[in-house]
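Summary of structural features
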2 protein chains.
Amino acid sequence: MSGSAGGPEVEAALHQVDRLARLALNRLCEPGDLRVAALVAELGAPRLLDALLADRDVAGMLDDVAGRLESHDPERDLERAERRGFRWVVPGDPEWPTSLDDLEAAEPLQRLGRAPLGVWVRGPVRLRDLSDPVAFVGSRSATTYGTDVATDLAARLAHAGCVVVSGAAIGIDEAAHRGALAGDGPTVAVLACGVDRAYPAKHERLLDHLGRHGAIVSEAAPGCAPTRVRFLARNRLIAGLSRGTVVVEAAARSGALNSANWTNRLLRPVMGVPGPVTSATSEGVHELIRTGAATLVTRAAEVLELVGVAGEHLVEERRGPERVRDRLNPKEARVVEAVPVASPAPSDSIARTAGLGVLEVTGVLATLARRGLVEQLPVGWRLADGAAES
Amino acid sequence: MSGSAGGPEVEAALHQVDRLARLALNRLCEPGDLRVAALVAELGAPRLLDALLADRDVAGMLDDVAGRLESHDPERDLERAERRGFRWVVPGDPEWPTSLDDLEAAEPLQRLGRAPLGVWVRGPVRLRDLSDPVAFVGSRSATTYGTDVATDLAARLAHAGCVVVSGAAIGIDEAAHRGALAGDGPTVAVLACGVDRAYPAKHERLLDHLGRHGAIVSEAAPGCAPTRVRFLARNRLIAGLSRGTVVVEAAARSGALNSANWTNRLLRPVMGVPGPVTSATSEGVHELIRTGAATLVTRAAEVLELVGVAGEHLVEERRGPERVRDRLNPKEARVVEAVPVASPAPSDSIARTAGLGVLEVTGVLATLARRGLVEQLPVGWRLADGAAES
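Residues numbered from 1 in each chain as written. Chains lettered and ligands numbered in written order. Predicted model: local features only at pLDDT ≥ 70, side-chain atom pairs only at ≥ 80, totals over all residues. Heavy atoms only, no water.

Residue and element names in this part refer to chain B. Strand order in the open sheet made by the nine strands is S1-S2-S6-S5-S4-S3-S7-S8-S9, with mixed pairing throughout. Among the strands making up the open sheet, the edge pair consists of strand S1 (86-89) and strand S9 (295-296). In this sheet, strand S6 (residues 215-218) lies alongside strand S2 (residues 119-122) in antiparallel orientation, the contact comprising three bridges. Paired with Trp120 across the bridge in S6 is Ser218. (Pairing = 2+ DSSP bridges. Helix = DSSP H or I, 4+ residues; strand = E, 2+ residues; numbered from the N terminus.)

Counting 74 residues, the largest nonpolar core has A:Val119, A:Val188, B:Val119 and B:Val188 as the members making the most contacts within it. Ignoring any residue separated from it by four or fewer positions in sequence, one finds B:Val119 in contact with B:Arg87, B:Trp88, B:Val89, B:Trp96, B:Leu100, B:Leu127, B:Val217, B:Ser218 and B:Leu237. (Core = buried A, V, L, I, M, F, W, Y, C linked by side-chain atoms within 4.5 Å. Buried < 20%, exposed > 50% of the residue type's maximum accessible area, 1.4 Å probe, protein only. Contact = heavy atoms within 4.5 Å.)

Let's shift gears to the packing of helix H6 (residues 144-159) of chain B against helix H7 (residues 172-182) of chain B. All names here are of chain B. Across the interface, H6 lies against H7 with an axial gap of 7 Å and an inter-helix angle of 35°. The interaxial crossing formed by H6 with H7 has right-handed handedness. Judged by residue contacts, Gly146, Thr147, Ala150, Thr151, Ala154, Ala155 and Ala158 of H6 engage Ile172, Ala175, Ala176, Gly179 and Ala180 from H7. Among the residues forming the contact of H6 with H7, the class breakdown is eight nonpolar, four polar and no charged. (Axes fitted to C-alpha atoms, helices over the stretch in contact; angles between N-to-C directions. Left-handed = near helix turned anticlockwise from the far one by under 90°. Nonpolar A, V, L, I, M, F, W, Y, C, P; charged D, E, K, R; others polar.)

Residue and element names in this part refer to chain A. Summed over the entire model, instances satisfying the criterion amount to zero disulfides over all chains. Cys224 supplies the cysteine sulfur nearest to Cys193, a cysteine that is in no disulfide, at a spacing of 8.9 Å. Overall, the relative accessible area of 2% leaves Cys193 in the buried class. (Disulfide = S-S within 2.5 Å.)

This next bit is on the side chain of A:Asp93. Residues and elements named next belong to chain A. Inspection of the secondary structure assignment puts Asp93 in the loop between strand S1 (86-89) and strand S2 (119-122). Relative accessible area serves as the criterion here: at 8%, Asp93 is assigned to the buried category. A polar atom in the side chain of Asp93 sits 2.5 Å from the side chain of His15. Polar contacts involving the side chain of Asp93 include one to the main-chain amide nitrogen of Val90, which spans 2.8 Å. Beyond its immediate sequence surroundings of up to four residues, Asp93 is in contact with His15, Arg19, Trp88 and Arg128. (Polar contact = N/O pair within 3.5 Å; in protein donor to acceptor, adjacent residues only side chain to side chain.)

Moving on, we get to helix H1 (residues 8-28) of chain A. Residue and element names in this part refer to chain A. Look at H1: 30 Å from first C-alpha to last across 21 residues, which is about the 30 Å you get at 1.5 Å a residue. All of the buried residues in H1 are His15, Asp18, Arg19, Ala21, Arg22, Leu23, Ala24, Leu25, Asn26 and Leu28. Buried positions along H1 lie against helix H2 (34-43), helix H3 (45-53), helix H4 (62-69), helix H5 (74-83), S1 and S2. (Expected span 1.5 Å × (residues − 1).)

For the rest of this paragraph, the subject is the interface of chain A and chain B. Counting from both sides, the interface comprises 60 residues of chain A and, opposite them, 60 residues of chain B. Overall, the association of chain A and chain B removes approximately 5,600 Å² of surface from exposure, summing both partners, and the carbon and sulfur fraction of that is 54%. For A:Arg290, the salt bridge identified is with B:Glu302, shortest N-O distance 3.3 Å. One can count 11 residue pairs in polar contact (both at pLDDT 80 or more) joining chain A with chain B. Of all elements in the fold, only H4, helix H6 (144-159), helix H9 (228-241), helix H11 (283-290), strand S9 (295-296), helix H12 (300-307), helix H13 (330-338) and helix H14 (347-354) of chain A reach the threshold of two or more residues within the side of chain A that touches chain B. Looking at which element gives the most residues to the side of chain A that touches chain B, the answer is H11(A), with five residues. (Buried area = accessible area lost by both parts, 1.4 Å probe. Salt bridge = Lys/Arg side-chain N within 4 Å of Asp/Glu carboxyl O.)

Put into structure tokens, the structure is as follows:
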């Protein structure tokens, strides 16, 4: 939107012009096109659109959009979409998720990048209000381990108040959405096709549910088919809409790593859930963690610590069960350390090892035996089973 | 050893005195005792021993060692041990592993630390000549996954020329030794008891084998029983003898983490093999990786890269199988990106999306179809199965 000197009504009118121009340009071009983003930043959406409509070839764009200009009718597109309950959301709209603005500063990936001209939204969840959104990405060929972990993690995060953001693929995406629903949390699917399309077809019911209870988001206009470039552009939206990205299972060079890359470019946390090193579907995740591109996470509290507001979620240090030995006084501890593990020793030998008097040690040994830490055999004392090496 | 002005014979004689004094002190005190280490550094081993023998209470030590002084006879101890084939190795000896000297600079752990006064060695492998030694530590309650991974990793490292260093416990220790033997590599067991003792008893045959083909090392004198303090002190030797430590499975607060801590204090790499997040025996490893105390490793090449001489071992970046798409020219790539994933599109529509001429696109589509990347249906073209999202 170009600068304006008018009052609020003029502002509002100019914003409407900008919204429609963005909708039109979005229909004419492919998502994530850096050239279009640069021209919009330079000229504003309305002027770029006017130039193209006037048959002026701006930076070689006309060739690419010529065919689509024929069916150009943004007012009709918007009206039709709104009748179906879809919202067109652009920067400056109350619903615009400002988290996407960070894409403007992020290093573009290959030929794609920048914030979208706008996004199409279907479903009651408003993008602006997403509470601690966490992206889930991962393999379509997920293992049972992967889908179990994704479902459980998403459910716990949803229960803790996080919105789950994912694609709509089979495997990890599906598991994350189902987990979020099980955790009674809203969930957002970001698609590479129009928000009115069910891809993959087997997720029609899942998408219908999200359309009624969550949100379906796409940069592609309603009716658009999924293409490779739209998948790649979509991945940056998943990253852009979320505070951080959890990768559950991803083979080497998996498409899921693309979303992880975007998250890193946005300087937001990438989190990897490890798996068996014998599983090919965990190779990509392990490589992310190994190279420092992702932080290892194993449970919801660790995710919350990374994506939450500082100090809001604190991970309790993981401790083993408190052990009797933790409550020993220094003298008792010294005696325990002097008691043999295997062959029993008499108390005078233990006393020498501990550097304490025999009488004193005998009393301490009796106390320790009552607590199950040492045991007395005919020939002397030794540590009770399992008390030695841990 | 105190400074000397004499020739080589005097040097050698003084070294013999120092060796025996260290042997005697080692028998009188417990391993890793910081007070003893400090006094030896200040006075030298012979003077400290003389003072104790003369019944002088140096820094309160006399009380602790009084009982053991009665049976004090280092010459006899050494002679008996050597007759059994055990070697007593101290700083300045040709076999002394200088890697242990780093313990002098390491931050002590609790009340333990510093280099040992000397170590007992049994078996043909000489400690000074260990080639790229790698420590394996982990849970005694290892899972099949853990022991399988430890065995395989140790075998591959042994095959690559690394010496495996571990304890002699059941679980990961045992798996590492057996893997190293399978990989035809020497393997070193570091014990908390004397090198002549089999602890645990079920590893008697394994230890016998190591005594004949590898090395068994202990700071405790022959005949000594394992105690908790000796296990803790032993852990620092495992770390000290190795270029890095691999943790395969370790529950939260496992003793294996103690060796990992020592390795970090020595500024050497700690490497963690991840496992399923649903497995309690991997919790400690995951925590090490999560907090940056360990680097995630999944295979031998990654361990070699971390412990090897710089540039000696290079990890090939893990890549998926090369795909047809990797060999596309830019125009082909652009067409592929414009082809829908699900519902086929006619070639003129694909041409518009790609921003290329229809004729040109038709030719490219035919080429791509021959390579199996796209498929032609009656109503148009779409990507072949599986070619879209990855």
